[in-house]
Amino acid sequence: MDQEKFRILKTYFGFTQFRRGQEEVIDALLAGRDVLAVMPTGAGKSLCYQIPALILEGLTVVISPLISLMKDQVNALSDAGIPAAYLNSSLSPREYADTLAGAGRGDYRILYIAPERLRREDMYRLGERLRIPMVVIDEAHCISQWGHDFRPSYLVIAEFIRIFSKRPITAAFTATATGKVRDDIVRILNLEDPFLLTTGFNRENLYFGVGRPPDKVRSLLSYLENHRNKSGIIYCSTRKTVEEICRTLNARGFGAARYHAGLDDRERHKNQDDFIYDRTPIMVATNAFGMGIDKSNVSFVIHYNMPKNIESYYQEAGRAGRDGEAADCILFYSPQDVQVNKFLITNGDAERDEALVSHHLELLKHMTYYATTNDCLRSHILGYFGESAPHFCGNCSNCTTQFENNDITIPAQKILSCVYRIEQRGKRFGKLMVINILKGSKNEKLLSQGLKSLSTYGIMAETDVHRIRTILDYLVEKEYLAQEGEEYPVLLLGPRWEEILRQKKALSMMLPKERERKKPGVPADETPGEFREDLFAQLKELRNRLAQKARVPAYIIFSDASLRDMCRKLPKTPEQFLTVSGVGAVKMEKYGGLFTDLIKAYTGTSPP
Ligand code: ADP
Ligand code: MG
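Please read all numbers here as calculations on a predicted model, not as lab measurements.

Teacher, can you tell me more about the sheet that holds strand β3 (residues 84-87) here?
Across a sheet, paired strands are connected by hydrogen bonds in the backbone, their directions being either parallel or antiparallel. Spatially, the seven strands line up as an open sheet ordered β3-β4-β2-β5-β6-β1-β7, and their pairing is parallel. Of all strands in the sheet, those bounded by a partner on one side alone are β3 and β7 (195-198). When strand polarity is set aside, the average angle formed by the axes of neighbouring strands in this sheet is 15°. Pairing of strand β5 (residues 134-137) with strand β6 (residues 169-174) involves four bridges; the strand directions are parallel.

I would appreciate a short explanation of the site of ligand 1 in the present structure.
As a structural note, the neighbourhood of ligand 1 is formed by 15 residues, with Gln17, Gln22, Gly42, Lys45 and Ser46 the closest of them. Here an oxygen atom of ligand 1 and a backbone polar atom of glycine 42 are 2.6 Å apart. For ligand 1, whose accessible area on its own is 570 Å², the fraction buried by protein is 81%. Tallying contributions element by element places helix α3 (residues 45-55) first for the shell around ligand 1, with three residues.

Looking at this structure, I do not really get the domain arrangement of the protein chain. What am I missing?
A common measure of how large an interface is: the accessible area buried when the components associate. Domain parsing of the protein chain yields domain 1 (2-198), domain 2 (206-395), domain 3 (405-514) and domain 4 (528-603). With centres defined by C-alpha atoms, the gap from domain 1 to domain 2 works out at 28 Å. Each partner contributes to the interface: domain 1 provides 23 residues, whereas domain 2 provides 16 residues. A combined buried area of about 1,800 Å² lies between domain 1 and domain 2, and 55% of that area is made up of carbon and sulfur atoms. The three residues of domain 1 that bury the most area against domain 2 are Thr41, Trp146 and His148, which together make up 29% of that side's buried surface. Scanning the region where domain 1 abuts domain 2 turns up one salt bridge. Its salt-bridge partner being aspartate 273, residue lysine 71 comes within 4.0 Å of it at the nearest N-O pair. Between the two partners, domain 1 and domain 2, sit zero residue pairs in polar contact (both at pLDDT 80 or more). Here the side of domain 1 that touches domain 2 takes five residues from helix α4 (residues 67-79), the largest share from any one element.

Quick question: what am I supposed to make of the sheet that holds strand β13 (residues 327-332) here?
The parallel open sheet is built from six strands, whose spatial order is β8-β13-β12-β9-β11-β10. With partners counted over all chains shown, the strands left at the sheet margins are β8 (206-211) and β10 (256-259), one partner each. Taking each pair of neighbouring strands and ignoring which way they run, the sheet shows an average axis angle of 15°. Of the pairings in the sheet, the one linking β10 to strand β11 (residues 282-285) comprises four bridges and is parallel in character. Each bridged residue has a counterpart across the sheet, and for arginine 258 the counterpart in β11 is valine 284. Running over the sheet, helix α12 (residues 310-317) touches β8, β9 (231-235), β12 (298-303) and β13 and is turned about 150° from β12.

Help me understand the pattern of salt bridges, please; the structure alone is not making it clear to me.
As enumerated under the stated definition, the model contains 34 salt bridges in all. Of the charged contacts, one joins glutamate 4 and arginine 7 as a salt bridge, the two residues approaching to 3.2 Å between their closest N and O atoms. One end of the pair is glutamate 4 and the other is arginine 7, both in helix α1 (residues 2-13) and three residues apart, which spans about a single turn. Residues joined by salt bridges that share partners form a network here, namely Lys5, Glu23 and Asp27.

Which parts of the structure should I look at to understand the side chain of serine 296?
When you line up the elements, serine 296 lands in the loop between β11 and β12. By relative accessible area, serine 296 is classed as buried at 10%. Among residues more than four places away in sequence, those in contact with serine 296 are Gly321, Arg322, Asp323, Tyr555 and Ser559.

So what exactly am I meant to see when it comes to the pairing of β11 here?
In regular strands, side chains alternate between the two faces of the sheet. Here β11 shows no split at all, with Ile282 and Val284 on one side and Met283 and Ala285 on the other all buried. Pairing geometry for β9 and β11, over four bridges, is parallel. Across the sheet, isoleucine 234 pairs through a bridge with valine 284, a residue of β11. Where the polypeptide runs from β10 across helix α11 (residues 265-276) and back to β11, its parallel neighbour, the crossover connection is right-handed.

Help me understand unusual backbone geometry in this model?
Trans peptide bonds make up most of the peptide bonds, and negative phi angles are found at most residues other than glycine. Located in the positive-phi region is aspartate 193, a residue other than glycine, with phi close to 40°. On the secondary structure map, aspartate 193 appears in the loop between α8 (179-188) and β7. With a phi close to 65°, aspartate 278 is a non-glycine residue in the positive phi region. Tracing the backbone shows aspartate 278 in the loop between α11 and β11. In this structure aspartate 278 comes out as partly exposed when scored by relative accessible area, which is 30%.

Just to check I follow, could you spell out the nonpolar core for this structure?
Nonpolar side chains tend to gather and get buried jointly when the protein is soluble and globular. Counting 144 residues, the largest nonpolar core has Phe160, Phe208, Tyr370 and Phe595 as the members making the most contacts within it. For this core, the element with the highest residue contribution is α3, accounting for seven residues. Apart from the residues within four sequence positions on either side, phenylalanine 208 is in contact with Tyr313, Tyr314, Cys329, Tyr370, Leu377, Arg378, Ile381, Asn395, Cys396 and Ser397. In this structure, Ile437, Leu438, Tyr480 and Leu507 belong to the second largest nonpolar core, which totals 34 residues.

For this particular structure, what's the right way to read α11?
An α-helical turn contains 3.6 residues, so a residue and the one three or four places further along point in the same direction. Taking 1.5 Å of rise per residue, the twelve residues of α11 would be expected to cover 16 Å, and the 16 Å separating its terminal C-alpha atoms lies within 8% of that figure. Residues of α11 that are buried include every one of Asn271, Gln272, Asp274, Phe275 and Ile276, and no others. On its buried face, α11 sits against α4, β9, β10, β11, β12 and α23 (554-557). Backbone nitrogen of arginine 266 and a side-chain oxygen of the N-cap are separated by 3.1 Å at the start of α11; the cap is aspartate 264.

Sorry if this is basic, but what is going on with the packing of aromatic side chains here?
Both the distance between ring centres and the angle between the ring planes are used here to describe each pair of aromatic rings. Applying the stated criterion to the full structure yields 18 aromatic pairs. Ring geometry for tyrosine 304 versus phenylalanine 332: centroids 6.2 Å apart, planes at 55°, classification tilted. A residue pair is termed long-range when its members are at least 10 positions apart, and tyrosine 304 in the loop between β12 and α12 and phenylalanine 332 in strand β13 qualify at 28 residues. Judged by relative accessible area, which is 7%, phenylalanine 332 ranks as buried. Measuring from centroid to centroid gives 5.6 Å for tyrosine 420 and tryptophan 497, while their planes differ by 35°, and the two rings are tilted. Taken together, the residues span a long stretch of sequence, with tyrosine 420 in helix α17 (residues 409-424) and tryptophan 497 in helix α21 (residues 497-501) at a distance of 77 residues.

I tried to follow the packing of helix α9 (residues 216-225) against helix α10 (residues 239-251) on my own but got confused; where do I start?
To characterise two packed helices, one gives the angle between the axes of the helices and the distance between these axes. Put simply, α9 and α10 touch, their axes get as near as 12 Å, and they point 45° apart. Between α9 and α10, the angle falls in the class oblique. The crossing of α9 and α10 is right-handed. Of the residues in α10, those touching α9 at Val217, Leu220, Leu221 and Leu224 are Ile245, Thr248 and Leu249. Taken together, the residues of the contact of α9 with α10 break down into six nonpolar, one polar and no charged.

Procedures and definitions
- Residues numbered from 1 in each chain as written.
- Chains lettered and ligands numbered in written order.
- Predicted model: local features only at pLDDT ≥ 70, side-chain atom pairs only at ≥ 80, totals over all residues.
- Heavy atoms only, no water.
- Pairing = 2+ DSSP bridges.
- Helix = DSSP H or I, 4+ residues; strand = E, 2+ residues; numbered from the N terminus.
- Axes fitted to C-alpha atoms, helices over the stretch in contact; angles between N-to-C directions.
- Near = heavy atom within 4 Å.
- Polar contact = N/O pair within 3.5 Å; in protein donor to acceptor, adjacent residues only side chain to side chain.
- Areas by Shrake-Rupley, 256 points an atom, 1.4 Å probe, with all protein chains shown as cover.
- Domains from an automatic or database assignment.
- Contact = heavy atoms within 4.5 Å.
- Buried area = accessible area lost by both parts, 1.4 Å probe.
- Salt bridge = Lys/Arg side-chain N within 4 Å of Asp/Glu carboxyl O.
- Buried < 20%, exposed > 50% of the residue type's maximum accessible area, 1.4 Å probe, protein only.
- Right-handed = clockwise from strand over helix to strand, strands pointing away.
- Core = buried A, V, L, I, M, F, W, Y, C linked by side-chain atoms within 4.5 Å.
- Expected span 1.5 Å × (residues − 1).
- Phe/Tyr/Trp six-rings, centres within 6.5 Å; stacked < 30°, edge-to-face > 60°.
- Parallel < 35°, antiparallel > 145°, perpendicular 65-115°, else oblique.
- Left-handed = near helix turned anticlockwise from the far one by under 90°.
- Nonpolar A, V, L, I, M, F, W, Y, C, P; charged D, E, K, R; others polar.

Right under this line is the structure:
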């Protein structure tokens, strides 16, 4: 079994290694366990169920919310030689019946179904005719109304799973789930002792930027000017803004298409396809666009307006850089966005209950914190999802413009000697109390314990509390301080305390600048490096020709990442071609000759 999963990974998907979390999930499913996996967008959730689906006997059913996603996935699977199909409202009754019949005959290994399409009788009959070893629920957060994308049709899934006489393994996948949503998923889907996996939310290849541009249009144009020929999404909060921005961009010669719920189906589909098929590089859209868009080469996501909550923001922004290449996620903030969102929340659904409204207002508050903080943006997001992260990532607009290297020798000495004095008195306190002492707080509890007489009382009165806290956390991280106790952790001197207090070692760290307001975010620099641009362009052209012929999006043939790998490896034989990331047996068979020929021709005429 172990060998089998690696064989499939290489043969069908062309990868040699699993990404973080994938193997654990696959192993759990193959062992027959239910799974709830929370992995960020682009982490590779699909493989986690597609590989077991190919190993488990029978037909795996995947419930997925969006039509475009299904078409894409089925295209990609078919292109890799895996028999798959989908059932959704885009099919005519005839096509629907044909697909269902095909599934019943065992023509497919994976069947995608939209939840609205789950018809008891159909599924019942399917279950009678063949084994359904596993039911997968993609975008599982849609089941919870505490999430940001609640879909009532998801509520029937649990009932549907019960139709089968032998209970299938149930696997739920999502990119965003807070504790509440996670609990809902487990409860509503009746997951039985599920294997829980959270790989962490960090996406290292994404640059995060927040700007507060006085003129959003100008900032947008200047960004796009610097990123010509890149594909990206611009999210706006209203249809009207979408229209305006799209018009402006087109007038300036940028290829942009629009997408919002006010357009008819035909145009929406066409624009979406143009974007996915790389005919139009820029998509200007409301949040109606994107769920299930697996386009891998999106190199920026700009939020022209601030979204309602961090969950939505991170999911939308996360559509950038799925191929693992460097990509930008930029938010244009203006205080007015907060007002607009407040209005939308409080005047949204008339029958929305009060608890829900205040819940959403709370989420909005966190989004606003993100847009206005001077701290590391990445650590802010990760912290929001309950993950601890270094306070400085070096790859966000705050780290690159709001941080500077600070000599913290003196503050470190002050903090450590405060803890030292406290220990001398035979006492132990948590962080908050230590900070209060350093600040010289008049806190009742503090005064009543006589702590005012400590020589370190008030020695950091001039320093911002938040800053003291950041330095203190850093001292813990570096083991100059230690923490003890689970529920009410107290601070102690750490194993390395003497380096600071006795040996007077100098310390420095990156800290937010102490100025008040920040400048508009500056997007990350392009780092072209050494790269065969000309070959890349030729490979892209070949790929596009093939894609057009097969009527599939270009990235279904090969992702940009695969083409880049070809530029690096310059494969000239089938064996070499197989080592390219994303090349499996079927793709080798189909495309190997064409691509290696091109590369041979290229290397023949230009130095290696
Ligand atoms: P998610 O559903 O988690 O957002 P996908 O399943 O769509 O992500 O995968 C995102 C991208 O990562 C796809 O282009 C996929 O081919 C690629 N990918 C997945 N697993 C691997 C792997 N083990 N090695 C390399 N690339 C991978
Ligand atoms: Mg997915």
